[in-house]
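# Coordinate inspection notes
Now for the letters of each chain:
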Amino acid sequence: MAYKLVVSFNNNEEVMVWPSVSPDFGPEVEQRNGTYEGISGDFNTLGPMGLRSIPLSSFFPVGRRYPFMPPEAETDGWKYVAFIQRGQERRIPFRVTLLDNSGRCRLNMACSIDDFQWKVKRNGDLAYSLTFREYKFIQG
């Protein structure tokens, strides 16, 4: 099954379709449980859910289209780097949307992009790693 990863910010002001989705793509979710000592031993308490995070490592193509890429994906990897940097500099949340091959949304999450790193590979493509971390809007 092919998945499509769409990343946007500011209510779709800018939208980028990622060139590929890693076969190991998915959120890591922590529940902040506690352990307390009681008279008859340890007790586990169920805590609140932590923020979801999704680490991702892959590459952005530069000057070529690979067969696995969605047609909407860019062939200029530098556009992805600039897109991420613009969103980070503006300090606004990104939105990560994961669609399956029938177009059904499997993940829709506001997030920050943490730990973004990239480097030029020998073939000119851009290797990158980043972490999407869930962003919760404060409601008052």
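Predicted model, so just to flag it, every value in this text is computed and none were measured. Sequence order sets the numbering: in each chain, residues are counted from 1 along the sequence as written. Note on the predicted model: pLDDT of at least 70 is required for a residue's local features to be given, and 80 or more for side-chain atom pairs to be given and counted; whole-chain, interface and lining totals, by contrast, use all residues. Excluded from the side-chain calculations are hydrogens and water; all other atoms, namely the structure's heavy atoms, are used.

### Some words on the pairing of strand 6 (residues 94-99)
As a reminder of what qualifies: Whether two strands pair comes down to DSSP finding at least two bridges between them. The way it works is that DSSP assigns letters per residue, a run of H or I at least four long becomes a helix, a run of E at least two long becomes a strand, and they are numbered from the N terminus.
Here six bridges tie strand 1 (residues 4-9) to strand 6, and the two strands are oriented antiparallel to one another. Residue pairing across strands places Val7 opposite Val96, the latter belonging to strand 6. Relative to strand 7 (residues 105-120), strand 6 is paired through six bridges, and the arrangement is antiparallel. Directly across from Leu99, in strand 7, lies its bridge partner Cys105. What sits between strand 6 and strand 7 in their antiparallel hairpin is a turn of five residues, with Gly103 showing a positive phi close to 85°.

### Points about the layout of surface pockets
In plain terms, the rule: Site definitions follow a grid-based scheme: protein atoms alone, a 1 Å grid, a 1.4 Å probe that fits but cannot get out for cavities, and for pockets an open set with protein on both sides within 12 Å along at least five of seven lines, plus lining residues having an atom within 4 Å of a point. Grid points are joined across faces, edges and corners, and a volume is the space filled by probe spheres set on the points. Residues are grouped as follows: Ala, Val, Leu, Ile, Met, Phe, Trp, Tyr, Cys and Pro are nonpolar; Asp, Glu, Lys and Arg are charged; every other residue, Gly included, is polar.
Its boundaries defined by the atoms lining it, the largest pocket holds a volume of some 230 Å³. In terms of lining, the largest pocket is formed by 13 residues, of which the most central are Ala2, Tyr3, Lys4, Phe68 and Pro70. In terms of residue class, the lining of the largest pocket is built from nine nonpolar, two polar and two charged. The space that makes up the second largest pocket amounts to roughly 170 Å³. Around the second largest pocket sit Ser8, Phe9, Asn10, Asn11, Asn12, Ile92, Pro93, Phe94, Arg95, Ala110 and Phe137, which together line it. Listing elements by their share of the lining of the second largest pocket, those giving two or more residues are strand 1 and strand 6. Partitioned by chemical class, the residues of the lining of the second largest pocket number six nonpolar, four polar and one charged.

### Considering the pairing of strand 1
For the record, the criterion: Partly exposed residues are those whose accessible area sits between 20% and 50% of the maximum for their type, while under 20% is buried and over 50% is exposed, using a 1.4 Å probe and protein chains only.
For strand 1, a buried count of five out of six residues is recorded, marking the element as mostly surrounded by other parts of the structure. In the sheet, strand 1 pairs with strand 2 (residues 14-17) via four bridges, with the strands oriented antiparallel. What sits directly across from Phe9, in strand 2, is Glu14. Hairpin connection of strand 1 to strand 2: four residues between the antiparallel strands, including Asn10 at a positive phi of 55°.

### Topic: the nonpolar core
Basically, it comes down to this: For this analysis, a nonpolar core means a set of buried residues of the types Ala, Val, Leu, Ile, Met, Phe, Trp, Tyr and Cys, connected via side-chain atoms within 4.5 Å. Residue contacts are counted whenever heavy atoms from the two residues lie within 4.5 Å of one another.
One finds Trp18, Phe25, Leu130 and Phe132 to be the most contacted residues of the largest nonpolar core, which totals 29 residues. Residue assignment for this core shows that the elements contributing at least two residues are strand 1, strand 5 (53-60), helix 1 (77-90), strand 6, strand 7 and strand 8 (126-134). By residue number, the principal contributor to this core is strand 7, which donates five residues. In contact with Trp18, not counting residues within four places along its chain, are Leu5, Val7, Leu56, Phe60, Pro70, Ala73, Tyr80, Phe83, Ile84, Tyr128, Leu130 and Phe132.

### Observations regarding the side chain of Asp114
By the element assignment, Asp114 lies in strand 7. In this structure, Asp114 is in contact with Leu130, Thr131 and Arg133, ignoring residues within four places of it in sequence.

### Digging into the sheet that holds strand 1
Just so we agree on the cut-off: In this description, a line fitted to the C-alpha atoms serves as the axis of each element, helices being fitted only across the stretch in contact, and the angle between N-to-C directions of two axes falls anywhere from 0 to 180 degrees.
Pairing is antiparallel in the open sheet, where six strands are placed in the order 2-1-6-7-8-5. Each end of this open sheet is capped by a strand with a single partner; those strands are strand 2 and strand 5. In this sheet, neighbouring strand axes are inclined to one another by 35° on average, regardless of whether the strands run parallel or antiparallel. Direction of pairing for strand 5 relative to strand 8: antiparallel, over a ladder of eight bridges. Of the residues in strand 8, the one forming a bridge with Ser53 is Arg133. Lying on the sheet, helix 1 is in contact with strand 1, strand 2, strand 5, strand 6, strand 7 and strand 8; it crosses strand 7 at an angle near 105°.

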